[in-house]
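# Observations on chain architecture
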Amino acid sequence: MRILVGYHHYRHPTDVRASYERWLARLREAGIHAYGVSLAPEPAGRRLDWPIIEEHWRRGDRALLRMYEEVARQAEDFDVFLNYNGTSLHPDFVAQLPTFNVYACWDDPESSALLSRPVAFAYDLCMVGNVAEVARYREWGARAARFWPMGFHADDYDPSLTRDQILGGERDVDIALLAERKSKFRRQRLDAFVAAFPAAHCFGLGWPRGFLAEAERVPLFQRTKVGPNFHNSTGPINLRTYSLPANGVLQVCDNRAHLGEIFRVGEEVVGFDRVDEAIDLCRYYLAHDDERRRIALAGWQRALRDYNEVAVFGRLIDAVREIGAQTKAPTQGASLLLANQRRRTFWQRLRYRATSPFRLVAGRARPFARSAQRRLSSGWPRLERRKK
């Protein structure tokens, strides 16, 4: 089974594209025939949400269609196409690909309206990162939907960690929390939790310490006893769900009911529903070190066995084999679709290019206009008073 993995990348000091390609190279070393293709129209930038995709498709955006042509060209040599980030592709285009098409997304439910809900129906299989949201995909018209854990990657843990170190080694950080604090969905809960643990090591957007350097992330986890995990709403869904136990940290995670579908609650991880529960549980396990170590060890063993990157990708392959036995319906072909789309949108594209300088000038002038308006509105009363 040859799998073409479409991923979105963006400009970042860590080189996101290179990170994806290293991951795919490791999968190939494990015997999985997975190769990558960019889903970021050049120049690479932020992800394309549904309204942007629809607007660019309808006016025949050149960068978008060039990227689609490259995806269509490469897909001819593959059996499966995986939209790994769930972005950038219009459903009309996806329907014409000759491959068995899989959609994967980890942004539900907060970004569903902008990302997954408008397009999921177009894929043969949806691999849903949030275990709590699988049924919702079926409500949107998805032909098939399966839970697909995010798991952890090779650079998310230290493989030299041993059983004896978890059971007997020293860890000098009681609590570490790596999560952005700006989110309106969880800031109040995070602040309440940290008020109970002022010495906790907290990093990320919105925290006084700011971001933790990537090279320091795994070493911090390896020093940490307890790792609380808070989500925006439903879950579990984030990387911490898997990387915390993979580093021998006792995970104390919200969304307790669905957490039990990933780990054995009370044996491999600890679950909670309210922030006061999280505070009490962290205090308890910091005071009962043997219990903490026992659960952390079981979570570590489960994560390494079931949630490493090869095992996780194997779940996708199993789901494709289960669902993809049926013959794919013939299509008109992605290349023909793109050629027709270029022809249909010729005049829209021409008008857009002709008016783009005016939009650019208007966009640049808008801040100055607002500033001038503020000056006038603030200065006018003084002028009136001087006249009087």
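As a reminder, the structure under discussion sits directly above these lines.
Now for a look at the structure at hand.

Procedures and definitions
- Residues numbered from 1 in each chain as written.
- Predicted model: local features only at pLDDT ≥ 70, side-chain atom pairs only at ≥ 80, totals over all residues.
- Heavy atoms only, no water.
- Pairing = 2+ DSSP bridges.
- Helix = DSSP H or I, 4+ residues; strand = E, 2+ residues; numbered from the N terminus.
- Axes fitted to C-alpha atoms, helices over the stretch in contact; angles between N-to-C directions.
- Contact = heavy atoms within 4.5 Å.
- Expected span 1.5 Å × (residues − 1).
- Buried < 20%, exposed > 50% of the residue type's maximum accessible area, 1.4 Å probe, protein only.

### Re the sheet that holds strand S4 (residues 100–105)
Spatially, six strands are ordered S2-S1-S3-S4-S5-S6 in an open sheet, and the strand pairing comes out parallel. One side of each edge strand has no neighbouring strand; the edge strands of this open sheet are strand S2 (33–38) and strand S6 (145–147). For this sheet, the mean inter-axis angle between neighbouring strands, taken without regard to orientation, is 25°. Bridging between strand S1 (residues 2–7) and S2 involves six bridges; their strand directions are parallel. Within the sheet, the bridge partner assigned to Leu 4 lies in S2 and is Tyr 35. Running over the sheet, helix H1 (residues 16–29) touches S1 and S2 and is turned about 165° from S2. The strands that helix H3 (residues 62–75) touches are S1, S2 and strand S3 (80–83); relative to S2, the one it contacts most, it runs at about 160°.

### Let's talk about helix H12 (residues 289–306)
In a regular helix each residue adds 1.5 Å, so 18 residues correspond to 26 Å; H12 covers 26 Å between its end C-alpha atoms and thus fits that length. Every buried residue of H12 is listed here: Arg 292, Arg 293, Ile 295, Ala 296, Leu 297, Ala 298, Gly 299, Trp 300, Arg 302 and Ala 303. Looking at the buried positions of H12, the neighbouring elements they touch are helix H6 (163–168), strand S9 (224–229), helix H9 (240–246), strand S10 (250–253), strand S11 (270–271) and helix H11 (275–287).

### With respect to the sheet that holds S10
Pairing in this open sheet of five strands is parallel, and the strands run S8-S7-S9-S10-S11 from one edge to the other. Each edge of the open sheet is held by one strand with a lone partner, namely strand S8 (201–203) and S11. In this sheet, S9 lies alongside strand S7 (residues 173–178) in parallel orientation, the contact comprising two bridges. By the bridge assignment for S9, Ile 175 is matched with Val 226.

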